[in-house]
Amino acid sequence: MAVLNKIRQRSLFLILIIALALFSFVLSGLFQNGDALANKSQSVVATINGKEISREDFLRKVEFAQRQMGQGVTNTQAMNTVWNQELRQAVMESQYNSLGFTVERDQMRNLLKTNLAGSPEFQNEAGLFDENKLNEYIATLKATSAEGYQQWVDYEQSIAAAGMQQDYINMVKAGVTGTLAEGKVEHGLENNKVDIKYVQIPFNAIADSTVAVSKSEISSYIKDHKKEFQVEASRDINYVEFREVASLEDEKEISTSLTNMLNNSVVYNDLTKTNDTILGFAQVQDVETFVNSNSDIKYDNRFVFKSALPKNLADNLYNKSVGSTFGPYKDNGFFKLSKLVEEKFLPDSAKARHILIPFLGSRAATVETVQTQVEAKKTADSIMAVIKGNPSKFADVLSLSADKVSNENDGVLDWFTYNAMVPEFRDYAFENRKGDIGVVKTDFGFHVIEILDQTATERAVKIATIAREIEPSDATIDKVFRDASKFEIAVADKDFQAVSKENNYSVRPVKGIEILQENIPGLSNQRQIVRWTFDEETKVGDVKRFNISGGYAIVQLTNKNEAGLMSTDNASAIVVPKIRKEKKAALIIDRVKATTLDALASEENQTVKTASSINMKNPTISGAGREPIIVGAAFGLKEGETSKLVVGENGVYMVEVTKVSAATELDNYQAFANRVGQQKANAVNTKLYEALKDASEIEDNRAESVQ
C-alpha cells in the first residue's frame, strides 16, 4: 500500500516522464524517416507512377550510353538521353500493367527476328535468320561477360517495350474514328465561305511608350494565368568573359616570322666553326620536309585544279610560274605562306573499270581471303595479261574481283574526279592514257585497272603551304589572366555593372538556368557554373572566376528563382506585350464613335479593305493575317450586316459581310469523316505520350542523386 500511495503522490511527475519519453520516440522516428528520405533521394533517381529507378542502374545505363554515343557526347547529354528513355518506359509501363499488356515468347521471338534479321552473325549459310545462332550467342554472353549479358537484357527490354508501345498505340488508334457528323462539320469548315469588307485599327497605331504597364499589373496577370507561368527552380547570372585571343601585336609577329622564312638565313655551325646558309622557303627544293618542319598543317602532296583552290590562291598564285610564292595571308584562323611547286596538265575526271584482288591484311580482305601479298600480285598480273591480250575477256574474269559494288556495273567506276580515289589508283587513272591497262597496289589490294575514258586536260598545280595558327602569345595570355584577376577582386566589394562599365567590359546576363542544365549561352558546356549557382552556400551577389576553354569567366549570381510562379521580372518580356495589347484595345474602343466602316476609316485615318472566300478551316484575312476571332465574328453575321468593334490578334476591327456562300450539300460525308479520323490518328502519334506523361506522378531526384 505504501508503494501505491507513493505512486499516486508522484503521478503528475510520472506522466511528464512518460510523455517526454514518447515525444523523444516520435522525434527519433521523424529524424530516422528524414534520414531515410534523404538516403532515398541519393539512391533513387526518380519515382514514376510508383516505379523507382535506382541510381546504380541509371548510372550504369548512362555510362553505356555515353560509350555508344561517342567521345563528343557529354555526361549530361548521355544522362538526359537515358532519362527520356527511362521516363517514357515507366510512363508507358503503367499503362501496360493496368491493361495486362505483356510480350509473350512467340512475340518476343518475332520482334528479335525483325530487328536482327540483317545481322550476319545470326544468319545461316542461306543468309536467313537462325534462332539457334542467337540462342548460342546469348548463352556465350551469359557465361563470359556479366556486363555484356546485362546490356543484352537491356536491349531485349527495349525491344519488348517498343513492341508493347506499338501495340498500345495501335489499340488507341483503333478507338478513334471520324463520324459522319464530324465529316459534315469538316466539310462546312472548309467550304462555308464569306466575303467581307473591314477596317483594321492596328495596335501599332498607338506607340508603346504611351501605354505604361506596372509591376502590379504583371503580377496580377501571372496569378490569373498560373498554368502558363509555372516554372522549375532556376538561377540568374551576369558574367564577363576574358578570352585568350591573339592581339594585333601577336598577329604581326606571326606574319613577320612567316615573311622571314621566305629568305635564306645564315647560321653559325658549331661543328665546322663556319657560317652555313639555310635555304628559305622561296628557294628550298625539299618543300615537303620544310613545310612539315615549320607548319601547323602538314604538307598536302596533291595536284588541284583552279576551281578547287581558295579564292586567295586562285587569284594570286594559280597563274604564276613554278617557284612563285604568295603571302603571308590570313585564312580561317591561320596565317599562311604558299608556294607553287609543280604543275601538270591532267584530266579533270576519268572513267575506269577494275578488278580488285585482296590479300591477307588488306582492307578489302574477308574471311574468304587466303592469298598472301605475293600470291595476289601474281594473280593480278595474270589477269592483266589476259585482258591485255583480249579486253573482251574482262567480264569473264570479273568474278575474281572483291569489289561487289562495281561488279554490279561490270566493274566500271563511272566518272570520278581527280581526288576522289586513293592516291595510287588516282595517279594511274589520271597520269596514263585512255585504253591503258595496268596493276596498282593500294591498301585495299591489287587493282587491275583499264582506263575507259578521260576528259580534256587542264592545268593542275601542287601548292605547298606553311600555316601558323593565330594564337595568343604568352604575354597576351598573362595579360588576360591579370585583367580577369583584377576584375574579380574589384567586384568583390563593388557593383558588378559599374566596374564592368568603367573598364568597357561587356556584361552578359543569363536568366532561367535550371539545375540539370549544362550549357550557358555564350559559354557552351559549363556544368561547373550551374552547380555553383545551385550550391546552398552560394548567395545572391556572390562572384566567382571559372576557367573556360580559351580564357576565364567572372560570374555573379544575381537571383535565385524558386519553383512555382515565374517572377514579375522574368515574366515581363512575355506579359507586358499582352497587357499592352489589352490596354490599346480598350483605348481604341473608348475613343471610337463611328458605327459604319466608312465613318470608322475616316475617323481613324484607315482604309476600307476587302477579303474574299474566307473559311473557318484557315482563318486568315487577306491584308491582316491570321485572325481566328475576327473570322469567327464574320461567320456570326448575316449578309449585309456590320459588326461592332472586335478585338483581334493584330488590332481592333469592324467587319461587314458582303456575301455568304454556303457549302454544297453532299450525299455522303464519308471522305471528310475519314480525313477527321486520320487527323485523330496522327494526333495519337504526337500527343499520346505527352498527355500520359502530364497525367503521371513523377518525382525527379536527379539533381540530388546525380551530379
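Going by the structure above, here's the rest.
Rules of the game
- Residues numbered from 1 in each chain as written.
- Predicted model: local features only at pLDDT ≥ 70, side-chain atom pairs only at ≥ 80, totals over all residues.
- Heavy atoms only, no water.
- Bend = angle between axes of the 7 residues up to and from the residue.
- Helix = DSSP H or I, 4+ residues; strand = E, 2+ residues; numbered from the N terminus.
- Buried < 20%, exposed > 50% of the residue type's maximum accessible area, 1.4 Å probe, protein only.
- Axes fitted to C-alpha atoms, helices over the stretch in contact; angles between N-to-C directions.
- Parallel < 35°, antiparallel > 145°, perpendicular 65-115°, else oblique.
- Left-handed = near helix turned anticlockwise from the far one by under 90°.
- Contact = heavy atoms within 4.5 Å.
- Nonpolar A, V, L, I, M, F, W, Y, C, P; charged D, E, K, R; others polar.
- Phe/Tyr/Trp six-rings, centres within 6.5 Å; stacked < 30°, edge-to-face > 60°.
- Lys NZ or Arg CZ within 6 Å of the ring centre and 35° of its normal.
- Lys, Arg positive; Asp, Glu negative; His and termini not counted.
- Salt bridge = Lys/Arg side-chain N within 4 Å of Asp/Glu carboxyl O.

Hey, could you run me through helix α20 (residues 568-591) in this one?
The largest bend in α20 is about 50 degrees, located at Ile574, with the proline Pro577 one to four residues further on. Of the positions making up α20, those classed as buried are Asn570, Ala571, Val575, Val576, Ile579, Arg580, Lys584, Ala585 and Ile588.

Would you mind going over the packing of helix α6 (residues 131-144) against helix α7 (residues 146-174) with me for this structure?
Two measures define how a pair of helices packs: the angle their axes make with one another and the distance between the axes. At a closest axis distance of 6 Å, the pairing of α6 and α7 adopts a crossing angle of 135 degrees. Taken as axis vectors, α6 and α7 run oblique relative to one another. The two elements α6 and α7 meet at a crossing, and its hand is left-handed. Between α6, through Leu134, Tyr137, Ile138, Leu141, Lys142 and Thr144, and α7, the contact on the second element is made entirely by Ala146, Gly148, Tyr149, Trp152 and Glu156. For the contact of α6 with α7, a count of residues per class yields seven nonpolar, two polar and two charged.

Is there a simple way to think about the packing of aromatic side chains in this case?
The relation between two aromatic rings is expressed through the spacing of the ring centres and the mutual angle of the planes. Enumeration according to the criterion identifies 21 aromatic pairs in this entry. Residues Phe305 and Tyr418 carry aromatic rings whose centres are separated by 6.1 Å and whose planes lie at 85 degrees to one another, so their mutual orientation is edge-to-face. Within this pair, whereas Phe305 is found in strand β8 (residues 303-305), its partner Tyr418 is found in the loop between β12 (412-417) and α16 (423-431), the two being separated by 113 residues in sequence. On the basis of relative accessible area, Tyr418 is assigned to the buried category, the value being 3%. Joined through ring pairs, the aromatic side chains of Phe305, Phe416, Tyr418, Phe425 and Phe430 make up one cluster. The residue whose ring lies beneath Arg88 is Tyr689, and the NZ or CZ to ring-centre distance is 4.0 Å. Sitting over the face of the ring of Phe281, Lys339 holds its NZ or CZ atom 5.7 Å from the ring centroid.

In this structure, what is going on with the side chain of Ser401? I would like to understand it.
Here Ser401 shows up in the loop between α14 (394-397) and α15 (404-407). Taking the relative accessible area as the measure of exposure, Ser401 reaches 1% and is therefore buried.

How should the side chain of Asp236 be read in this particular structure?
Tracing the sequence through the fold places Asp236 in strand β5 (residues 234-243). The side chain of Asp236 sits in the buried core without any salt bridge; Lys511 is the nearest counter-charge, 5.4 Å away. Setting aside chain neighbours within four positions, we find Asp236 in contact with Val510, Lys511, Gly512, Gln556, Leu557, Thr558, Asn559, Asn561 and Asn570.

So what exactly am I meant to see when it comes to the environment of Ala90 here?
By the element assignment, Ala90 lies in helix α4 (residues 75-99). Separated by 447 residues in the primary sequence, Ala90 and Glu537 place their C-alpha atoms 35 Å from one another. Excluding its chain neighbours within four sequence positions, the residues that come into contact with Ala90 are Ile48 and Lys51.

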